[in-house]
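# Structural characterization, general
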Amino acid sequence: MKAFTKETSTVVAVPGVNCDTDQIIPGRFLKADRAQGYGQFLFHDIRRDEAGELDPAFPLNREGAERSTILLVEDNFGCGSSREGAVYALVDHGIRAVIGPSFGDIFFNNALKNGLVPVRLSAEQCDGLADYLARFPDAEVTVDLENAQLVLPGNLRRHPIVIDAFARECILQGLDEIEMTFTYMEKIKAFETERMASHAWLAR
Amino acid sequence: MAHMNAPRTMLAKIWDEHEILRHPSGPSLLYIDRDMIHEGSFHAFADLKRRGLKPRRPKQIFGVADHYVPTLGRTSKDAASPAIARMIDTFDENMEWGGVRHFGLSSRSQGIVHVVAPEQGITLPGLTIVCSDSHTSTQGALGAIAFGIGQSENAHVLATQTVWQLRPKTMRVTINGTLGQGVTAKDVMLALIAKIGAAGAGGHAIEFAGQVVRDMSIEGRLTLCNMSIEAAARFGMVAPDETTFAYVRGRNFAPNEQEWDAAVNHWRQLVSDADAVFDREVVLEGADIAPMVTWGTSPEDAVSIEGRVPDPSTFDNADKRKAATKSLEYMELAPGTELSGLKLDKVFIGSCTNSRIEDLRAAAAILKGRKAKIQAIVVPGSTQVKEQAEAEGIAAIFREAGFEWRDSGCSMCAAMNGDVVGPGERCASTSNRNFVGRQGPGARTHLVSPAMAAAAAITGCLTDVRRV
Ligand code: SF4
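Residues numbered from 1 in each chain as written. Chains lettered and ligands numbered in written order. Predicted model: local features only at pLDDT ≥ 70, side-chain atom pairs only at ≥ 80, totals over all residues. Heavy atoms only, no water.

An unreviewed UniProt entry lists chain B under the name 3-isopropylmalate dehydratase, from Rhizobium lemnae. In the Cofactor (unreviewed entry) part of its UniProt record, chain B is described as follows: "[4Fe-4S] cluster". According to the UniProt record, the Function (unreviewed entry) comment for chain B reads "Catalyzes the isomerization between 2-isopropylmalate and 3-isopropylmalate, via the formation of 2-isopropylmaleate." (UniProt positions renumbered as here; feature names shortened; annotations may be inferred.)

Under an unreviewed UniProt entry, the name given to chain A is 3-isopropylmalate dehydratase small subunit, and the source organism is Rhizobium lemnae. Looking at the Subunit (unreviewed entry) heading of the UniProt record, one finds this comment for chain A: "Heterodimer of LeuC and LeuD."

## Looking at the UniProt feature "domain: Aconitase A/isopropylmalate dehydratase small subunit swivel" (unreviewed entry) in chain A
The feature "domain: Aconitase A/isopropylmalate dehydratase small subunit swivel" (unreviewed entry), as given by UniProt, occupies residues 1-123 of chain A in the numbering adopted here. End C-alpha atoms of residues 1-123 of chain A are separated by 30 Å, and the span's content is 19% helix alongside 15% strand. (Helix = DSSP H or I, 4+ residues; strand = E, 2+ residues; numbered from the N terminus.)

## A word on the side chain of Glu300(B)
As for its position among the elements, Glu300(B) is in the loop between β13 (292-294) and β14 (302-304). Among the residues examined, Glu300(B) registers a relative accessible area of 14% and is labelled buried. Polar side-chain contacts of Glu300(B) include one of 3.5 Å to the side chain of Asn18(A). Residues contacting Glu300(B), with those up to four places away along its chain left out, are Asn18(A), Ile193(B), Ala194(B), Gly197(B), Ala198(B) and Lys320(B). (Buried < 20%, exposed > 50% of the residue type's maximum accessible area, 1.4 Å probe, protein only. Polar contact = N/O pair within 3.5 Å; in protein donor to acceptor, adjacent residues only side chain to side chain. Contact = heavy atoms within 4.5 Å.)

## So, the domain arrangement of chain B
Residues and elements named next belong to chain B. By the assigned domains, chain B splits into domain 1 (1-289) and domain 2 (292-467). Relative placement of domain 1 and domain 2: their C-alpha centres are 24 Å apart. Tallying the contact residues gives 45 residues for domain 1 and 43 residues for domain 2. Both faces considered, domain 1 and domain 2 share a buried interface measuring about 3,500 Å² in area, 54% of it formed by carbon and sulfur atoms. Its salt-bridge partner being Asp407, residue Arg74 comes within 3.8 Å of it at the nearest N-O pair. Counting across the interface, domain 1 meets domain 2 through 27 residue pairs in polar contact (both at pLDDT 80 or more). Tallied by class, residues from the side of domain 1 that touches domain 2 come to 17 nonpolar, 20 polar and eight charged. (Domains from an automatic or database assignment. Buried area = accessible area lost by both parts, 1.4 Å probe. Salt bridge = Lys/Arg side-chain N within 4 Å of Asp/Glu carboxyl O. Nonpolar A, V, L, I, M, F, W, Y, C, P; charged D, E, K, R; others polar.)

## Considering the pattern of salt bridges
A full pass over the atoms with the stated rule returns 40 salt bridges over all chains. Its salt-bridge partner being Glu93(B), residue Arg86(B) comes within 3.5 Å of it at the nearest N-O pair. On the basis of relative accessible area, Arg86(B) is assigned to the partly exposed category, the value being 44%. For Glu93(B), a relative accessible area of 42% gives the class partly exposed. One continuous salt-bridge network, built from bridges that share partners, spans Asp176(A), Asp47(B), Arg50(B) and Arg51(B).

## Here we look at the site of the ligand
Residue and element names in this part refer to chain B. Neighbouring residues of the ligand: His67, Ile112, His114, Asp133, His135, Ser351, Cys352, Cys410, Cys413, Ala414, Asn432 and Arg438. Residue composition of the shell around the ligand, grouped by class: five nonpolar, five polar and two charged. Among the domains, domain 1 (1-289) and domain 2 (292-467) are the pair contributing at least three residues each to the shell around the ligand. (Near = heavy atom within 4 Å.)

## Some words on the domain arrangement of chain A
When cut into domains, chain A gives domain 1 (6-173) and domain 2 (176-204). Its C-alpha centre places domain 1 of chain A at a distance of 36 Å from the equivalent point of domain 2 of chain A.

## Re helix α5 (residues 165-173) of chain A
Among the residues of α5(A), Phe166(A), Ala167(A), Cys170(A), Ile171(A) and Leu172(A) are the ones counted as buried. Immediately beyond the C-terminal end of α5(A), within one or two residues, lies Gly174(A), with a positive phi of roughly 65°.

## What to know about the nonpolar core
If you look at the biggest cluster of nonpolar residues, it comprises 89 residues, and the most contacted ones within it are Met36(B), Ile175(B), Phe208(B) and Trp267(B). Setting aside its immediate chain neighbours within four residues, Met36(B) contacts Phe62(B), Val64(B), Val113(B), Ala117(B), Ile122(B), Ile129(B), Val130(B), Cys131(B), Ser132(B) and Gln139(B). Within the second largest apolar cluster, 79 residues are counted, among which are Val12(A), Ala97(A), Ala111(A) and Ala155(B). (Core = buried A, V, L, I, M, F, W, Y, C linked by side-chain atoms within 4.5 Å.)

## Observations concerning the interface of chain A and chain B
Contacts between chain A and chain B engage 52 residues on the former and 70 residues on the latter. Inspection of the region where chain A meets chain B yields eight salt bridges. Across the pair Arg56(B) and Glu192(A) runs a salt bridge, and its minimum N-O distance is 2.4 Å. Here chain A is connected to chain B by 27 residue pairs in polar contact (both at pLDDT 80 or more). Every element with two or more residues in the side of chain A that touches chain B is listed here: α1 (21-24), α3 (105-113), α5, α6 (177-182) and α7 (185-198) of chain A. Element by element, the count of residues in the side of chain A that touches chain B is highest for α7(A), at eight residues. Per-class residue counts for the side of chain A that touches chain B are 20 nonpolar, twelve polar and 20 charged.

## Looking at the sheet that holds strand β8 (residues 162-165) of chain B
All names here are of chain B. In space, the three strands of this open sheet follow the order β1-β2-β8, with antiparallel pairing throughout. If you trace the sheet from one side to the other, it starts and ends with β1 (19-22) and β8, each paired once. Across this sheet, the average inter-strand angle for adjacent strands is 20°, counted without regard to direction. The sheet contacts of helix α6 (residues 151-160) involve β2 (28-31) and β8, and relative to β8 the element is tilted by about 135°. (Pairing = 2+ DSSP bridges. Axes fitted to C-alpha atoms, helices over the stretch in contact; angles between N-to-C directions.)

## What about the packing of aromatic side chains?
Scanning all chains against the criterion turns up 20 aromatic pairs over all chains. Between Phe103(A) and Phe107(A) the ring centres are 6.3 Å apart and the planes differ by 15°, which places this aromatic pair in the stacked class. For the residue pair Phe103(A) and Phe107(A), the accessibility class agrees, reading buried in each case. Aromatic pair Trp260(B) and Trp267(B): ring centres 5.7 Å apart, planes at 90°, arrangement edge-to-face. Assigned by exposure class, Trp260(B) and Trp267(B) land together as buried. Pairwise contacts between aromatic rings join Phe29(A), Tyr38(A), Phe41(A) and Tyr88(A) into one cluster. Geometry around Trp97(B) places Lys49(B) over its ring, the cationic atom sitting 4.9 Å from the centre. (Phe/Tyr/Trp six-rings, centres within 6.5 Å; stacked < 30°, edge-to-face > 60°. Lys NZ or Arg CZ within 6 Å of the ring centre and 35° of its normal.)

In structure tokens:
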């Protein structure tokens, strides 16, 4: 996992409450090998018009949007299917942080495992940021994970980033979780031996 | 310690029993009893291979082919495209490679993972169960902690048989009284999600309680827990009781007769203590719930079949106003339209929400001696359900009514296997998600119960099942 300490970028606002993972990546693309890159599938169907052409009105298709590494989204972003492909699509497109009022729980976890930082910001503050960005599209936002601060442009206030300390530590260091868990293997095995003694049928 | 005697919820009891340790910064390292694999899990296997690892506890891992399988034919050659066939073959290869017991396409135990797991006794009270699929919440219906994970977490489980998780808050959903005629577990869930919203249970584990739930069959409870993820709940759970024990006994991967009494004694201890405190309480009156139908593109967009498409301009939340306006555009519906009588193109009965034998019986009871006016397909939740329905004569009722009687799989629920609803087509579906494009690009989905789907098939439009 790529380590994340601090990211400063312009922001693309992707509208829509309950933007589910089917919108982030339609199911038919989930067969793809990761090696070919999932960025091309990001928001595939909602980025395009009926003829399959990129819709210039979709925020991510606007000029300069490809340089942004931070998205601003609405309530319950990433709800629905557990497909990690939704996170692969964002990450492979170059997105490093997503700011929104709330996220689907599984999406939130998947993001953290892939070095994508989901930042929870109240709906009012998200609206404030969206309004500001509408007036100043070149304004930059900084996601400073090291100091757990979201630095907003203009007169918008700073905001603490609330992520559990464990996930934050992993992502700051780009730590591999499996490797880390292996260091607890003795405890796991002891626990397991005891559990199997009373649940022999579990592993038949 | 006094603390140990404090009343606990079922969630807390099962959680504590599986907590290997708690990290100082919060999350628990949970022991995972069983992990279910499907074709979509290939990323996790690729991850293991990259690391030179193998599944650590293969006997606690079970594979089922469901998301990509054809429903007309039982070999990967019957798949809709070579790329889809490849998914099914890769699944078999990965299962062989990992030494994992699996129910492939041609197995008589094949089916949708969340239908197969309870059917085989893989899902049991008191267990922790994961699967890289959000509807794993279904399996909590037997009194387990069951939840969907991503592929990174899945690789972690395969490699360690554990997962790091923050303990969710608890929400008790009590459904009092009894349900009216024609009202099912599906309607309860649509009513609940309409009430609390698609994000309403975010960060919470739901425990379903109340007379309606106690009286409900395991199949109905599976439907409740299945849809709890559509309210953004982490888990859905129902306390195990005599109904649960009777359901579980004798199943393939359940405790055997010698082990049975000890297991049941333990399971009885797992129910929430009478004075356990939940972080949130939601109460529904069973008698107030009508057969439900969705009008928009989120499961929260649900109303009684006697209702009308709402007018977004009357919503007080600006975001919801915008979302509903967009939904109605996609659904090609005008505010104020009566839902009953809305013309349909297709009916789909299937998915891990509503494809078990009771679901098929409920639909067949409506269809008996009648004919579908529109294209209708029924996809049993498992090959065993299919065989049972054939033996009971239910398959014949569907066929005589003009339904296509298919082989088991996820099919038109997620449209990954090539079974799709065409662009602009309107479908009454017993599945769980009416998202934009879920059943195929441009597809318009109305979520309903199996009986409502059957009623819709014979009239060709959304119909109150109580009137047919
Ligand atoms: S039936 Fe639908 S919701 Fe259930 S596991 Fe399959 S694709 Fe997912």
